[in-house]
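Residue strings, one per chain:
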Amino acid sequence: MIHTDVIIVGGGPAGLCAAYSLVKQGVSVTLFERNSKLGGQLVKQTHKFFGSEKQYAKTRGFDIAAKLIKDLEPYSAFLTIEKNATVLGIYPDKVVTVMKNEAYFKYQCKAIIVSTGAMEKVLAFEQNDLPGIYGAGAVQTLMNVYGVYPGQSIVMVGSGNIGLIVSYQLLQAGVEVKAVIEAASSIGGYKVHASKLRRLGVPILTNTTIKKAHGVDFLTGVETIQLDESWKTIPGTEKTIQCDACCISVGLAPMHQLLSMAGVHMKYIPEFGGIVPIASDTHETSYDGLFVAGDVYGIEEASSAIVEGYLSGLYVSNKLGMKSEEINSQIADFHQQLEYLRSGPFGKKTRQGLEKIKEARNVT
Amino acid sequence: MLHKTGIPTIEQVKDQFPEQSKLSKPKAIIECYEDIPCNPCETSCPFQAIIIGPDINQQPKVDFDKCTGCTICVTSCPGLAIIVAEVHHPHAIIKIPYEFLPRPQKGEVWHAVNRSGEIVGDANILQTLVSRRQDRTLLVSIQIDSSLVYEVITIRRKHA
Ligand SMILES: Cc1cc2nc3c(=O)[nH]c(=O)nc-3n(C[C@H](O)[C@H](O)[C@H](O)COP(=O)(O)OP(=O)(O)OC[C@H]3O[C@@H](n4cnc5c(N)ncnc54)[C@H](O)[C@@H]3O)c2cc1C
Ligand code: SF4
Ligand code: SF4
């Protein structure tokens, strides 16, 4: 059994910032990341980010990752980073099991922060298993991490920020984006992203969904169909768009499995994208000493994952008995930042989700 | 319209411009029509000419008397929602953010493109700038017919 003060599961923005808050105070942290690179979703993002400058807005995603990693360098004495290391289970008494290079390790610690992020949702339609049909994460990994074309011409399904941004990145890479289709009656993501695409000649088709994929051994086109305001298909409105790739970007769901397995009180909260822990105001779950931060505690943005990460690190140091005026004032500042990030119309879902968490807390 | 197609109406666009007399000097035109949590335009402006305020969801407003047309906000905006425009009849000069290859070169003539992605005229490339601060977003100055000043938003390369 290997002992450490705090274990962080997941090296995305939330996990990296949580680590920063802790190592800065001299707490020993071991961070596990199942990929070969730290940064989570950020390493695939080539666009400039939204938010306020406090959360590194106007910096490109992969550069934000690099910055967060660099911030940790001065504290390397307190930080052990294990890459290619997947956390497999969390057991009673804060025992954590890890698989690294085909070997199995057991750790024990005083507190755990789970920041495993999210996974993509899928869409059911005829022949959706044809080669050429990808999730947005796969398209970005191929294109932006490995420099491989996902196809020559593509149809994007979903007009949330991810669908819009990945479409723009595809155009930058030289892929023809035939259309962005959206089942709802209005564009889901920020209109500035939509306008960016539209001026490049990409049609955005609302009230439209994908009916089936054409092709035998690989994708040759998709059949779209229009939807009425109650999301019913309108027969006779089918259209075929020729393409050799199709990207499904219909939302993310929190990666809750480790928490569910550990017996944490969970709840399905649609505003948060799926099953999330019923955590306290200090991000602590029903498992004493197990905290959460980032997309695993409700799908949001890197800006809020960063702030939640810093915050949860501070909450954990409180839990470990470290208390000071400085910690309190930092907590207050991060709270204020989160409040501002969530106060607009796009923060409505998060506000509703948090309300539901509060209600659920009172029940349990 | 905007929420279904991504295309703002001409009225929405015109509302972002100052009166024509002010356009004898370069001015920032911001098309950010929605309350989103974002404020790099405000924090990047060295002249405090863009106001959002502490609630970063508010839409940016330009104080045209303070705006010098320096273009710093143009390449700071992650939404590529800002251009700088000036009018000297019969021409207008606009400065746009651009993130595609190949890079336009001074002296070339490209298509001038509107907010629907349609070609509406010619754009003479006057200058292409890329500095460290711009973080790989080009700033391209183009000269267009002044009648197109409310129409043109980007450029497209002409096929040889
Ligand atoms: C296309 C796209 C565009 C975006 N644009 C923006 C934007 O402009 N502005 C913005 O603020 N946000 C943006 N986001 C959102 C942002 O990237 C995410 O909200 C943010 O990355 C969430 O951070 P996180 O740390 O919670 O999770 P992630 O970044 O997903 O990181 C989780 C990490 O945990 C690791 N992990 C998971 N399970 C395990 C395990 N069992 N063991 C070990 N490691 C594990 C994963 O490998 C991953 O590295 C965008 C997202 C996408 C996909
Ligand atoms: S052009 Fe310069 S002065 Fe005008 S708003 Fe933008 S940054 Fe400010
Ligand atoms: S930086 Fe751009 S997208 Fe962000 S608020 Fe300003 S104008 Fe809007």
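Sequence order sets the numbering: in each chain, residues are counted from 1 along the sequence as written. Here chains are named by letter from A upward and ligands by number from 1 upward, in the order in which they appear as written. In keeping with the model being predicted, local features are shown solely for residues with a pLDDT of at least 70 and side-chain atom pairs are shown and tallied solely at 80 or more, while totals for entire chains, interfaces and linings include all residues. The basis for every side-chain value is the complete set of heavy atoms in the structure, and neither hydrogens nor water enter the calculation.

(A) Broad picture of the site of ligand 1. Residues and elements named next belong to chain A. Note on terminology: near, applied to a residue and a molecule or strand, indicates that one of the residue's heavy atoms is within 4 Å of it. Neighbouring ligand 1 are 35 residues; Glu33, Gln41, Asp295, Glu301 and Ala302 lie closest to it. Residues adjacent in sequence count toward polar contacts only when both atoms are side-chain atoms; beyond that, a polar contact is any pair of N or O atoms within 3.5 Å, and within protein one must be able to donate a hydrogen and the other to accept it. One of the backbone nitrogen or oxygen atoms of alanine 14 is found 3.0 Å away from an oxygen atom of ligand 1. One of the side-chain nitrogen or oxygen atoms of glutamate 33 is found 2.6 Å away from an oxygen atom of ligand 1. Where accessible areas are quoted, they stem from the Shrake-Rupley method and a 1.4 Å probe; at the residue level, only the protein chains shown are allowed to cover. Out of a free accessible area of 1,000 Å², ligand 1 has 95% covered by protein chains. Classification used: nonpolar for Ala, Val, Leu, Ile, Met, Phe, Trp, Tyr, Cys and Pro, charged for Asp, Glu, Lys and Arg, polar for all others including Gly. Counted by class, the shell around ligand 1 contains 15 nonpolar, 15 polar and 5 charged residues.

(B) Summary view of the sheet that holds strand E13 (residues 204-205) of chain A. All names here are of chain A. By this definition, two strands are paired if DSSP reports at least two bridges between them. Strands here are runs of E lasting at least two residues and helices are runs of H or I lasting at least four, both read from the DSSP assignment and numbered beginning at the N terminus. The 5 strands lie next to each other as E10-E17-E11-E12-E13, forming an open sheet whose pairing is parallel. Two strands bound the open sheet, and with one partner strand each, they are strand E10 (133-135) and E13. Summarising the sheet, strand E12 (residues 176-181) and E13 pair through 2 bridges and their orientation is parallel. In the sheet register, valine 180 faces E13, and the bridge partner there is isoleucine 204. Packed onto the sheet, helix H3 (residues 136-145) meets E10 and strand E17 (245-248) and runs at close to 95 degrees relative to E10. Across the sheet, helix H4 (residues 161-173) is in contact with strand E11 (153-157), E12 and E13; its angle to E11 comes to roughly 170 degrees. Two residues form a contact once any of their heavy atoms are found within 4.5 Å. Angles shown run from 0 to 180 degrees and are taken between the N-to-C directions of axes, each axis being a line fitted to C-alpha atoms and, for helices, limited to the stretch in contact.

(C) Expanded view of the layout of surface pockets. Grid spacing is 1 Å over the protein atoms alone, the probe is 1.4 Å, and a cavity is where that probe fits but cannot get out, while a pocket is an open set with protein on both sides within 12 Å along at least five of seven lines and lining residues have an atom within 4 Å of a point. Grid points are joined across faces, edges and corners, and a volume is the space filled by probe spheres set on the points. Roughly 550 Å³ of volume is contained in the second largest pocket. Residue lining of the second largest pocket: 19 residues in total, with A:Leu171, A:Leu200, B:Tyr98, B:Phe100 and B:Arg156 positioned closest to the centre. Where the lining of the second largest pocket is concerned, the elements lending two or more residues are H4 and E12 of chain A together with strand E6 (109-114) and strand E9 (152-156) of chain B.

(D) Main features of the pairing of strand E5 (residues 91-98) of chain B. All names here are of chain B. For the exposure calls, accessible area comes from a 1.4 Å probe over protein chains only, and a residue counts as buried if that area is under 20% of its type's maximum, exposed if over 50%, partly exposed in between. Counting buried residues along E5, 6 of its 8 residues qualify, which places the element largely inside the surrounding structure. With antiparallel pairing between neighbouring strands as the criterion, strand E4 (residues 82-88) and E5 make up a hairpin whose turn holds 2 residues. Pairing geometry for E5 and strand E8 (residues 138-145), over 8 bridges, is antiparallel. From the neighbouring strand, isoleucine 96 faces E8, where its bridge partner is valine 140.

Geometry only, nothing functional implied.
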